[in-house]
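# Examining the three-dimensional arrangement
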Amino acid sequence: MRTGMSWLDVKLGVRMLIKHPGLTLIGGLGMAFAIAIGAGFFGFFYSYLNPTLPLPEGDRVVAVQNWDAAENEDEPRSLHDFVTWREELRSVEDLGAFRTISRNLILPDAQAEPVDVAEMTAAGFRVARVPPLMGRHLVPDDEREGAPAVVVIGYDVWRTRFASDPNVVGRSLQLGDTRYTVVGVMPEGFAFPVDHRLWTPLRADPSVYERRKGPSIGVFGRLAPGATLEQAQAELTMIGQRTAAAFPETHQRLRPRVLSYTAAFGLNEGDFRDAAIIQLLVTLVLVVICANVAILVYARTAMRLGEITVRSALGASRRRIVAQLFTEALVLTAAAAVVGLVLIGFALRKVNLVMDEEVGGLPFWVDFGISSVTLLGVVGLAILAAVIAGVLPAVQATGRRMQARLRQMGGGTGMQLGKTWTALVVAQVAFAVFILPGAISEAWDSIRYGTAEPGFAAEEFLSAQLVMDLKTPPTTEAEAYRRDFDARYGELQAELVRRLEAEPSVAEVTFALHSPGQEPKVRVEVEGAPTPGSAPGAAAGSGSSVGHEARSGRVDIDFFDVFDTAILTGRRFNPGDLSAASTAVVVNRSFVQQVLGGGSALGRRVRYVGRGGDAPDDLELGRWYEIVGVVSDFPNAMDPTGVEARLYHPVGPGQVYPATFALRVRGGDPAGFTRRLREITTRLDATLRLQEVLPLDEVLRRQQLALRLMAWGIGLVTLSVVLLSAAGIYALVSFTVTRRRREIGIRSALGAPPRLIVRSVFSRALGQLVVGIVLGVAAAALLESAAGGALMDGKGPVLLPAVSALMVVVGLAAALGPARRSLRIQPTEALREG
């Protein structure tokens, strides 16, 4: 007799899904979410942990870099070392280098747009081994100082900016203030070294820079024929030791290393470890989910003991019966896998969208789509789930008691659910009550913040960040260059404001260091008032836990007027506040309430005692500032109902870099002014670039996208937890009804009213629920107390009872089906089974 899986088993599995819709819906959705989460994480991290470089012999392409052992980070200012490596390193050939610069791409009769350009040595194209579509690559002669300025363009640039002109080679374009001649076009999809579409020669003379000075570069090459990564590393280590001996003041802590090319742009060792831990936790979640589904399948198997016993009596082997039950479970998990793939596809599309918007494009070797690796992961998870949910109950059902059931022929009560299964369901309910309050609180905040309206007329504003081409001058000229750069930037910024104010479509113009609501967090103390977290005699800057938390902004003196922010007391900024000696600051109403404790704020002094990681480096700790005015709370775009303490410093043109502009556009169409804004800026100076030009409400929507995705993720996990709890309770009650068929039949025959029978069924489910809820509430309350109310955001007294009530409703609803089935038990059939 055949013992393997057959097409008949598959058809029987499909029939079972239709016959048991509760199992199909609850178990299938639970596993679908688990498979989606597990495979989604696997596919996401695999793209970073083990990507494939889509180039000829891509596994031979390597990156070479200096690693600062003291700072535990790479040191990209390695121009001197690159020259040494290129001359001495024999196990890596075609050693090349690149750096990314941003410039305005300017063509006649076309809107200027900022682009990233790879300044690259000609060796880069030899390493990539991809022939040009037209023209030629860069060649070593292009790198000579004084050689004609040439550029190779990507397929997308050729198609969109040159209208696929077949005679594009020889035409010119402008990048910043320099004109280049097009010498080649690369084929579609080519984006080496990272995500580049324009390539110009790298011309950098190491003799004009001190060691560990100059431009930041990436170094790459190909392993020589027959060479291994280990051999290349050994050779490079010898070169590094000689360099360290010759230049100990700069290279004593540097450790040159060779690594696979993609590893230089991927996760570091700590991220690898975190990714592995997350993947392990996700797999454990899948195992827990499948264990709960296994309870459900086990209960269903108990109802089929008669069928299994008869099949065994007719000669079906244990292996054959297990194979059939496994196939039935596999049909369920396969259906769950299909739903999971749909969820994965949706989630990965959103990830790509967020990465494109926030990062500006992914490396050309990263693909967050549903790859063959992701499909294999889904198949593996589906098989694992089928083994847990199908094989384990089947083995239990066909174990040593099979012979006893053969002798009894029909005893439907031989299987025992056992204390372990019951404890697992109780633990599942407890876990749900423990985790759901915090998850609901976080999801609610994410939804609220992720869908909140800005609270001001953001749809009237166009936001843009103004930057200017920044070069890397020789070391001896760096300080003077920076002074000239700052002065020139200030002059151009002031002129741009004047030109924009003269535009009929522009109502008002202002600027700041950060977009509204994105100011960095700081720690401040108030003169003459206690400072939270400080020890007696603690000095300014003593730690990030010292002082009141607030946000610090640097704004144009007309900022509050442009955004219609009322002055409550005191005065606005004036031009006299822009001097270096001025100590004037303006605070908002929440600062007065949260930091000053109310009362009069004018004349009081504050100083910084700590700063967050995104605060400006020149934020001066210890200097006292005097409050000259109080403004109303500027709406928090991410949460209009939750405002934070803020203090503002006045800045003028050129005093912050880069400046973020906000233009109030007449007519309600900020996006329509984008082209004109770029035109005005480029005509003023070709080295000025506008980045992130978007209507301010669109900027806020993009910031909220991550919150909405988080809410989706939390919602899916929460739904999985609820479904699992329902599945476990349904399984327990179903099993109980199956085992009590004879008892229920006798009670019905003796005239027991239906409500008593139903109540007895519900009482067992309610008992499991109460035990789980008590344990879960106790654990959640202890954790909330230890966290000071932070996990549930102070909503514990409301959320814990609400979640407990939800679990009671879910549990009783899960018991409803088995209870109704108990009413359909016929006394004569039950007695005949006995």
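Values in this document were obtained by computation on a predicted structure and should not be read as measured data.

## Side note on a nonpolar patch on the surface
Together, Phe431, Phe434, Ile435 and Leu783 give the surface a local cluster of nonpolar side chains, amounting to about 310 Å² of exposed area. As for its placement among the helices and strands, Phe434 is situated in helix 13 (residues 418–451).

## A word on the pattern of salt bridges
Under the counting rule described, the total for this entry stands at 37 salt bridges. One salt bridge connects Arg571 with Asp577, and the closest N-O pair in it is separated by 2.8 Å. We classify Asp577 as buried; its relative accessible area is 7%. The residue Glu679 makes a salt bridge to Arg676 at a minimum N-O spacing of 3.2 Å. Of this pair, Glu679 and Arg676 both sit in helix 17 (residues 674–684), 3 residues apart, roughly one helical turn. A residue is classified by how much of its surface remains accessible, and Glu679, at 29% relative accessible area, is partly exposed. Residue classification places Arg676 among the partly exposed positions, given a relative accessible area of 31%.

## A short note on the packing of helix 14 (residues 478–501) against helix 17
The axes of two packed helices give the description: the angle between them and the distance between them. Contact geometry for helix 14 and helix 17: axes closest at 10 Å, N-to-C directions at 140 degrees. Viewed along their axes, helix 14 and helix 17 adopt a mutual orientation that is oblique. With respect to the hand of their crossing, helix 14 and helix 17 are arranged in right-handed fashion. Where helix 14 abuts helix 17, its residues Leu492, Glu495, Leu496, Arg499 and Leu500 lie against Leu677, Ile680, Thr681, Arg683 and Leu684. For the contact of helix 14 with helix 17, the residue count by class is 6 nonpolar, 1 polar and 3 charged.

## Description of the confidence of the model for the protein
Averaged over every residue, the pLDDT of the protein is 80; the share at 70 or more is 74%. The model gives residues 535–543 a pLDDT under 50, and that stretch makes 8 contacts with residues more than four places away or in other chains.

## Looking at the packing of aromatic side chains
This model, assessed by the stated rule, comprises 21 aromatic pairs. Seen from their ring centres, Phe192 and Tyr261 are 5.5 Å apart, and the 25 degrees between their planes marks the pair as stacked. With a gap of 69 residues between them, Phe192 in the loop between strand 8 (178–185) and strand 9 (198–201) and Tyr261 in the loop between strand 11 (254–260) and helix 8 (269–303) connect regions that are remote in the sequence. The exposure class assigned to Phe192 is buried, which follows from its relative accessible area of 1%. For Tyr261, a relative accessible area of 2% corresponds to the buried category. Relative to Tyr657, the ring of Tyr489 has its centre 4.7 Å away and its plane inclined at 80 degrees; by these criteria the two rings are edge-to-face. Of this pair, Tyr489 sits in helix 14 while Tyr657 sits in the loop between strand 20 (646–651) and strand 21 (659–665), and the two are 168 residues apart along the sequence. Taken together through their ring pairs, the aromatic side chains of Phe98, Phe192, Phe220, Tyr261, Phe364 and Trp365 make up a single cluster. For Arg257, the ring lying beneath its charged end belongs to Trp67, and the centroid distance is 4.0 Å. In this structure, Arg482 packs its charged tip against the face of Tyr657, placed 5.8 Å from the ring centre.

## Concerning helix 20 (residues 754–786)
Between its terminal C-alpha atoms helix 20 stretches 48 Å, which fits the 48 Å expected from 33 residues at 1.5 Å a residue. Here helix 20 has its buried residues at Ile757, Val758, Ser760, Val761, Ala765, Leu769, Gly772, Ile773, Gly776, Ala780 and Glu784.

## Some details on the pairing of strand 8
Direction of pairing for strand 5 (residues 134–135) relative to strand 8: antiparallel, over a ladder of 2 bridges. Paired with Gly135 across the bridge in strand 8 is Gly184. The pairing of strand 6 (residues 150–153) with strand 8 spans 4 bridges and is parallel. Each bridged residue has a counterpart across the sheet, and for Val151 the counterpart in strand 8 is Val182.

## Remarks on the pairing of strand 22 (residues 688–695)
The buried count for strand 22 comes to 6 of 8 residues, which makes it a mostly enclosed element. Taken together, the 6 bridges between strand 12 (residues 461–468) and strand 22 define a ladder with antiparallel strand orientation. Residue pairing across strands places Leu466 opposite Leu690, the latter belonging to strand 22.

## Side note on the side chain of Thr243
Turning to its location among the elements, Thr243 is positioned in helix 6 (residues 229–246). Every residue in contact with Thr243, bar those within four places of it in the chain, is listed here: Asp81 and His251.

About the criteria used
Residues numbered from 1 in each chain as written. Predicted model: local features only at pLDDT ≥ 70, side-chain atom pairs only at ≥ 80, totals over all residues. Heavy atoms only, no water. Patch = residues over 30% accessible without salt bridge, like charges linked within 9 Å, V, L, I, M, F, W, Y side chains within 5 Å. Areas by Shrake-Rupley, 256 points an atom, 1.4 Å probe, with all protein chains shown as cover. Salt bridge = Lys/Arg side-chain N within 4 Å of Asp/Glu carboxyl O. Helix = DSSP H or I, 4+ residues; strand = E, 2+ residues; numbered from the N terminus. Buried < 20%, exposed > 50% of the residue type's maximum accessible area, 1.4 Å probe, protein only. Axes fitted to C-alpha atoms, helices over the stretch in contact; angles between N-to-C directions. Parallel < 35°, antiparallel > 145°, perpendicular 65-115°, else oblique. Left-handed = near helix turned anticlockwise from the far one by under 90°. Contact = heavy atoms within 4.5 Å. Nonpolar A, V, L, I, M, F, W, Y, C, P; charged D, E, K, R; others polar. pLDDT = per-residue confidence, 0-100. Phe/Tyr/Trp six-rings, centres within 6.5 Å; stacked < 30°, edge-to-face > 60°. Lys NZ or Arg CZ within 6 Å of the ring centre and 35° of its normal. Expected span 1.5 Å × (residues − 1). Pairing = 2+ DSSP bridges.

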